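Here is how the chains run, residue by residue.
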Amino acid sequence: WNENLKAIARHPRNLVAANNRYDAEYIKYFTGLPEVPVLPNYCGYTGATYSPSRPEILVGPGRGVNAQLYATLRAAGARQDLDFRRIRDLYPHFEYSQLASHPAVVLIPYQVSIMSIFEYYRMALPMWAPSPDLLAAWQLKYRVLAERTWDLVRKKRPTRGSPLPRDPAYDAGAPDPNDEFDRAAIKYWIKYADFYEWPHIQTFDSIQDLVAQLKSADLPAISARVAAHNEKMKRDLLDDWRRIFRKLFHGIPPAAQTRRPQLLDYDAAMAAQYNARVHQQCVGDDHHLTP
């Protein structure tokens with residue numbers, strides 16, 4: 001699979017990109033591709049903007065919030081007159097405008113890139129995330145990032161490493177991204193999570209630190225900075241996609257004007273275009289299905 005991806009990337013009109021920085025670095029780690037651009041979702045469809053009118057501080061995302069950490073957060077908040085509520089406890093079904101009516105969102109993430117967080121950011125909700133050091137500690141103790149690795153998702157168990165080696169072209173100092181027992185390795189890789197890559201998402205080093213920050217934060221100012229960055233991100237994404245479409249299609253007449261022969265069989269087309277061997281077993285997978 002990795003060899004096929006590298007073959008596809010070598011075509012001058014193709015582009016191998018990722019939705020987030022973590023995935024981009026992960027691809028580069030195993031393939032050695034020098035460039036994997038990040039093209040995040042924009043999620044401008046929410047139709048809602050930060051307009052706080054309710055007192056509860058949301059705890060998100062909508063699923064996967066660790067119950068033990070949530071109970072600790074609720075207790076710490078109660079002592080300081082802060083009401084933390086999981087999103088799905090308040091809203092089994094919600095409108096985006098309902099989320100935008102809350103003062104802030106605290107993230108206890110189950111993954112390094114989550115579509116809900118794109119939506120919170122586009123609505124300019126002030127957000128807090130555990131610092132990389134704290135989240136790495138939580139991952140070792142609670143496995144809060146329950147969908148960070150393939151084995152955690154499929155086998156419900158952590159692993160000490162990957163079935164494939166690092167590509168020699170990638171940084172030799174980078175630890176294995178699938179090592180769930182080395183705190184330094186976890187911290188190294190989760191630094192690429194969306195909530196650390198995007199500006200103006202606050203981080204906390206402990207529950208007590210979170211409570212103290214929320215008590216003194218200028219929430220409207222944080223929201224305004226997020227909203228300004230949203231505008232910049234939108235401009236940058238439009239520029240990126242214009243360049244991509246030019247790379248892909250410049251100088252090629254539309255198929256409606258100039259008919260191009262196409263192989264209708266996917267495997268045959270991949271083999272003809274890229275010398276790719278599609279029907280090969282995946283190293284490290286446990287299904288062992290033979291085509």
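Our subject in this report is the structure included herewith. All residue numbers refer to position in the chain's written sequence, counted from 1. Selection of residues for local features in this predicted model requires a pLDDT of at least 70, selection of side-chain atom pairs for listing and counting requires 80 or more, and totals for whole chains, interfaces and linings are taken over all residues. Excluded from the side-chain calculation are hydrogens and water; included are all heavy atoms of the structure.

What is meant by a nonpolar core is a set of buried Ala, Val, Leu, Ile, Met, Phe, Trp, Tyr and Cys residues, joined one to another through side-chain atoms within 4.5 Å. Buried residues are those whose accessible area, probed at 1.4 Å on protein chains only, stays under 20% of the maximum for their type, while exposed residues exceed 50% and partly exposed ones sit between those limits. The biggest cluster of nonpolar side chains holds 67 residues, and the ones touching the most others in it are Phe-84, Val-106, Tyr-120, Trp-128, Phe-195 and Leu-214. Among the elements that take part in this core, helix α12 (residues 219-249) stands out by supplying 5 residues, more than any other. Any two residues whose heavy atoms approach within 4.5 Å are treated as being in contact. Leu-214 has contacts with Ile-57, Leu-82, Phe-84, Ala-104, Val-106 and Trp-128, leaving out every residue within four places of it along the chain. Secondary structure elements follow DSSP: runs of H or I no shorter than four residues count as helices, runs of E no shorter than two count as strands, and numbering proceeds from the N terminus.

Quick look at the packing of helix α3 (residues 67-79) against helix α11 (residues 207-216) now. Between N-to-C directions, angles cover 0 to 180 degrees, with each direction set by a line fitted to C-alpha atoms, over the stretch in contact for helices. Packing of α3 against α11 leaves a shortest axis separation of 10 Å and a crossing angle of 45°. Judged by the inter-axis angle, α3 sits oblique to α11. For the element pair α3 and α11, the recorded crossing hand is right-handed. Within the contact between the two elements, α3 uses Thr-72, Leu-73, Ala-76 and Gly-77 and α11 uses Ile-207, Leu-210 and Val-211. Considering only residue class, the contact of α3 with α11 consists of 5 nonpolar, 2 polar and no charged. Angular relationships are summarised with four words: roughly parallel below 35 degrees, roughly antiparallel beyond 145, roughly perpendicular across 65 to 115, and oblique for the angles in between. By convention the crossing between two helices is left-handed if the near helix lies anticlockwise of the far one by an angle smaller than a right angle, and right-handed if it lies clockwise. Three classes are used, and their members are as follows: Ala, Val, Leu, Ile, Met, Phe, Trp, Tyr, Cys and Pro are nonpolar, Asp, Glu, Lys and Arg are charged, and the others, Gly among them, are polar.

Another aspect to go through is the pattern of salt bridges. Salt-bridge detection follows one rule: a side-chain nitrogen of Lys or Arg within 4 Å of a carboxyl oxygen of Asp or Glu. Evaluation of the coordinates by the stated rule reveals 18 salt bridges. Where Asp-89 meets Arg-86, a salt bridge forms, and the shortest distance between an N and an O atom there is 2.9 Å. Overall, the relative accessible area of 26% leaves Arg-86 in the partly exposed class. Close ionic contact of Lys-155 with Asp-151 constitutes a salt bridge, the shortest N to O distance being 3.4 Å. The class for Asp-151 is buried, based on a relative accessible area of 16%. Salt bridges sharing partners connect three or more residues here, namely Arg-21, Glu-25, Lys-28 and Glu-197.

Glancing now at the sheet that holds strand β3 (residues 105-107). For two strands to pair, DSSP has to find at least two bridges joining them. Taken in spatial order, the 5 strands of this open sheet run β2-β1-β3-β4-β5, and their pairing is parallel. The sheet is open, and its two borders are formed by β2 (84-86) and β5 (202-204), each paired with just one other strand. The mean inter-strand angle of the sheet, taken between neighbouring strand axes irrespective of direction, is 30°. Here strand β4 (residues 127-130) runs beside β5; their pairing, made up of 3 bridges, is parallel. Looking at the pairing, Pro-130 lines up with Phe-204 of β5. Against the sheet, α3 makes contact with β1 (57-60), β2 and β3, and its axis sits at roughly 155° relative to β2, the strand it touches most. In the packing of α11 onto the sheet, the strands contacted are β1, β2, β3, β4 and β5, and the crossing angle to β5 comes to about 140°.

All right, on to a nonpolar patch on the surface then. A surface patch of nonpolar side chains, about 330 Å² in accessible area, is lined by Trp-241, Phe-245 and Phe-249. In this structure, Trp-241 sits in helix α12. In this structure Trp-241 comes out as partly exposed when scored by relative accessible area, which is 36%. For patch building, the residue pool is restricted to those with more than 30% relative accessible area and no salt bridge; the joining distance is 9 Å between like charges and 5 Å between nonpolar side chains (Val, Leu, Ile, Met, Phe, Trp, Tyr). Here, Shrake-Rupley sampling with a 1.4 Å probe gives the accessible areas, and only protein chains in the shown set may cover a residue.

Let us look at the packing of aromatic side chains. Pairing of aromatic rings covers Phe, Tyr and the six-membered ring of Trp, with a centre-to-centre limit of 6.5 Å; geometry is then stacked below 30 degrees between planes, edge-to-face above 60, and tilted otherwise. One pass over the structure, following the stated rule, counts 18 aromatic pairs. Here Phe-94 and Tyr-96 contribute two aromatic rings whose centre-to-centre distance is 6.1 Å and whose plane-to-plane angle is 70°, an arrangement assigned as edge-to-face. Taking the relative accessible area as the measure of exposure, Tyr-96 reaches 22% and is therefore partly exposed. When the ring of Tyr-188 is compared with that of Trp-189, the centres are 5.7 Å apart and the planes differ by 65°; the resulting orientation is edge-to-face. Here Tyr-188 matches Trp-189 in class, with each residue buried. Among the aromatic side chains, those forming a connected cluster through ring pairs are Tyr-22, Tyr-26, Tyr-29, Phe-30, Tyr-170, Tyr-188, Trp-189 and Tyr-192. Two conditions define a charge located above a ring, namely a distance within 6 Å from the ring centre to NZ of Lys or CZ of Arg, and an angle within 35 degrees of the ring normal. Positioned above the aromatic ring of Phe-181 is the side chain of Arg-143, whose terminal nitrogen or guanidinium carbon lies 5.2 Å from the ring centre. Against the face of Tyr-188 rests Lys-191, its NZ or CZ located 4.0 Å from the ring centre.

Here the focus is the packing of helix α7 (residues 132-142) against helix α9 (residues 183-190). Think of two packed helices as two axes; the pair is described by the angle between the axes and how far apart they sit. Direction vectors running N to C along α7 and α9 enclose 130°, while the axes themselves pass 9 Å from each other. In this view, α7 runs oblique relative to α9, as classed from their interaxial angle. Judged by the sense of rotation from one axis to the other, the crossing of α7 with α9 is right-handed. Contacts between α7 and α9 involve Pro-132, Asp-133, Leu-135, Ala-136, Ala-137, Gln-139 and Leu-140 from the former and Arg-183, Ile-186, Lys-187 and Ile-190 from the latter.

One less than the number of residues in a helix, times 1.5 Å, gives the span that helix is expected to have. Relative to the 18 Å expected for 13 residues at 1.5 Å per residue, α3 spans 19 Å between its end C-alpha atoms, a close match to the ideal helical length. Looking only at α3, the buried set comprises Leu-69, Tyr-70, Leu-73, Ala-76 and Gly-77. Viewed end-on, α3 has its buried residues packed into an arc of 130°, placing them on one side of the element. Exposed side chains of α3 directed beyond 90 degrees from the buried face belong to Ala-67, Ala-78 and Arg-79. Contact partners of the buried residues in α3: β1, β2, α4 (87-90), β3, α7 and α11. We define a polar contact as two N or O atoms separated by no more than 3.5 Å, with the added condition that, inside protein, one atom must be a possible hydrogen donor and the other a possible acceptor, whereas residues neighbouring each other in sequence contribute only through side-chain atom pairs. One side-chain oxygen at the N-terminal end of α3 lies 3.1 Å from the backbone nitrogen of Gln-68; it belongs to Asn-66. Here, the arc refers to the directions that run from the helix axis to the C-beta atoms.

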